[in-house]
Amino acid sequence: MVNSENQGKETYNELESQDDFTGDVRPLYSKMTRFTVRDDLSSRPYRLVAIVLGVVSAAFLFAVIGLSVHNNRLNDKHGILSLNSSIISSQLARLESDHKSLTESKNALQNKHDEDVKLMKSLQINLSRETRLKNELNSQKQKLEEDKRKLQSQISNLEGHCGKCLPNWVLMNTTCFYFAVSSTTPRRGWNAGRDDCKKKGADLVIIDSKEKQEYIIETLKALRYNLPFSYNNGFWIGLKDDHTEGHWKWLNETSLTQGYWMDGEPNDDIGIEDCAAVYPTNNPMKAWNDAPCSHPLKWICEKEVDKTL
């Protein structure tokens, strides 16, 4: 820096010396020369600034160009995205429309399914009702056929043994039965009932078969003696265990092998129920009860067909 300043001063002194030796008065020229030299020295920083500004301007220009290109690319991408968005919106609207249609179809099918289920349940109920009615009718038919068979058997017996039984007696096979169902006949104890049978040339009934048991119950019902169960609505039969408790014997001295007792019977209540009676129950297989022999009941008599009649 010192050398530069010294060189500047020497140059300046030389110029001034030259002005003095020429003697030519040219002040303006001399001033212009001085100003020119000084301006050349002071313009170097400005040139540097200009160069920097040029570089910055160029960089800025490139940046603007780059941003423009990037912006154009973004605009292109935005346009593509907008187009895709429009397509997607259209597809979404179509899918929503399809979903709505499918939902409506589903609801319609569900309603139809519910109606079909209700109809099926109704048909099942009707089928069950018809099946139950059919079974009831079949049961009634079987019962009627069984009743018909028994009536035909009784008719055949009556035809074969017409007049063999006394009035007010009924016939089964070769046996006549008397049922003391008349309201004018008072109830009596077991011994008194048996005495009445003996007066008629008979004895208390011996029920030694299922067929006979069913016949007696059916006959009681046919004689309209189908009363609600009551301890007093029974009929004495020829069965008792007064000789040995629990050992039931018929009047012909045969031991009981098959009984048709009600549930829980015989129970020998209070230790005095030694005689058996039959009741017109709905179940012929559960129709016997043990009762005190002195208890007043009706009775049933039986005797073989009178071959002399």
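This one's a predicted model, so the numbers in the text were calculated from it and none came from an experiment. (Residues numbered from 1 in each chain as written. Predicted model: local features only at pLDDT ≥ 70, side-chain atom pairs only at ≥ 80, totals over all residues. Heavy atoms only, no water.)

Peer 1: For this particular structure, what's the right way to read helix α4 (residues 190-199)?
Peer 2: Along an α-helix, a turn takes 3.6 residues, which lines up residues three or four apart on a common side. Burial in α4 covers these residues: W190, G193, D196 and C197. For α4, the angular spread of the buried residues around the axis is 125°, confining them to a single face. Against β2 (175-179), β3 (203-204), β4 (235-240), β6 (275-278) and β8 (298-304) lie the buried residues of α4. Positive backbone phi, approximately 75°, marks G201, located one or two places after α4. (Buried < 20%, exposed > 50% of the residue type's maximum accessible area, 1.4 Å probe, protein only. Helix = DSSP H or I, 4+ residues; strand = E, 2+ residues; numbered from the N terminus. Arc of directions from axis to C-beta. Contact = heavy atoms within 4.5 Å.)

Peer 1: What am I meant to see in the pattern of salt bridges here?
Peer 2: Should the charged atoms of two oppositely charged side chains come close, the side chains can pair. Tallied over the entire structure, the rule returns seven salt bridges. In this structure, D203 and R194 form a salt bridge, with 3.0 Å as the shortest nitrogen-oxygen distance. Taking the shortest distance from any N to any O, the salt bridge between E302 and K212 comes out at 2.8 Å. Of this pair, E302 sits in strand β8 while K212 is found in helix α5 (residues 210-222), placing the two residues 90 residues apart along the sequence. (Salt bridge = Lys/Arg side-chain N within 4 Å of Asp/Glu carboxyl O.)

Peer 1: Looking at this structure, how should I read the packing of aromatic side chains?
Peer 2: Pairs of aromatic rings are described using the distance from one ring centre to the other and the angle between the two planes. In this structure the tally under the stated criterion is six aromatic pairs. Summarising the aromatic geometry, the rings of W261 and W288 are spaced 5.5 Å apart at their centres and angled 90° between planes, so their arrangement reads as edge-to-face. Of this pair, W261 sits in the loop between β5 (249-250) and β6 while W288 sits in strand β7 (residues 288-291), and the two are 27 residues apart along the sequence. Above the ring of Y178, the side-chain terminus of K200 is found at 4.8 Å from the ring centroid. Over the aromatic face of W190 sits the side chain of K240, whose NZ or CZ is 4.0 Å from the ring centroid. (Phe/Tyr/Trp six-rings, centres within 6.5 Å; stacked < 30°, edge-to-face > 60°. Lys NZ or Arg CZ within 6 Å of the ring centre and 35° of its normal.)

Peer 1: What is the right way to read the state of the cysteines from this model?
Peer 2: What is meant by a disulfide is a covalent connection between two cysteines, made through their sulfur atoms. Using the criterion set out here, one finds three disulfides in the structure. The residue that forms a disulfide with C165 is C176, at a sulfur-sulfur distance of 1.8 Å. Measuring the twist about the S-S bond at about -85°, one finds the C165-C176 disulfide to be left-handed. With C165 in the loop between α3 (44-160) and β1 (169-172) and C176 in strand β2, this residue pair connects regions lying eleven residues apart in the sequence. For the pair C165 and C176, a shared accessibility class is recorded, and that class is buried. Across the disulfide from C197 sits C301; the S-S distance is 1.8 Å. Here the disulfide of C197 and C301 is left-handed, its torsion about the S-S bond being about -80°. Here the residue C197 occupies a position in helix α4, and C301 occupies one in strand β8, the gap between them amounting to 104 residues. Once the disulfide-bonded cysteines of the chain are ranked by sequence position, their pairing pattern turns out to be 1-2, 3-6, 4-5. (Disulfide = S-S within 2.5 Å.)

Peer 1: How should the UniProt feature "transmembrane region" (unreviewed entry) in the chain be read in this particular structure?
Peer 2: In the numbering used here, UniProt assigns the "transmembrane region" (unreviewed entry) feature to residues 48-69. Between the C-alpha atoms that bound residues 48-69 the distance is 31 Å, and the span itself is 100% helix and 0% strand. (UniProt positions renumbered as here; feature names shortened; annotations may be inferred.)

Peer 1: Even after reading the chapter, I still don't get the nonpolar core, so can you show me in this structure?
Peer 2: Here is a general trend for soluble globular proteins: nonpolar side chains tend to be buried in one another's company. One finds I237, L239, V278 and W288 to be the most contacted residues of the largest nonpolar core, which totals 22 residues. For this core, the elements supplying multiple residues, two or more each, are β2, α5, β4 and β6. Considering each element in turn, this core owes the most residues, four residues, to α5. W169, C176, Y178 and A277 belong to the second-largest nonpolar core, a separate cluster that totals 20 residues. (Core = buried A, V, L, I, M, F, W, Y, C linked by side-chain atoms within 4.5 Å.)

Peer 1: Would you take a moment to explain a nonpolar patch on the surface for this structure?
Peer 2: A cluster of nonpolar side chains, namely L61, F62, I65 and V69, defines an oily patch on the protein surface of about 390 Å² accessible area. The class of F62 is exposed, set by a relative accessible area of 60%. (Patch = residues over 30% accessible without salt bridge, like charges linked within 9 Å, V, L, I, M, F, W, Y side chains within 5 Å. Areas by Shrake-Rupley, 256 points an atom, 1.4 Å probe, with all protein chains shown as cover.)

Peer 1: Would you explain the pairing of β1 in this entry?
Peer 2: Taken residue by residue, a regular strand's side chains alternate between the two faces of the sheet. Note that β1 and β2 share four bridges and pair antiparallel. Bridging across to β2, V170 finds its partner in F177. (Pairing = 2+ DSSP bridges.)

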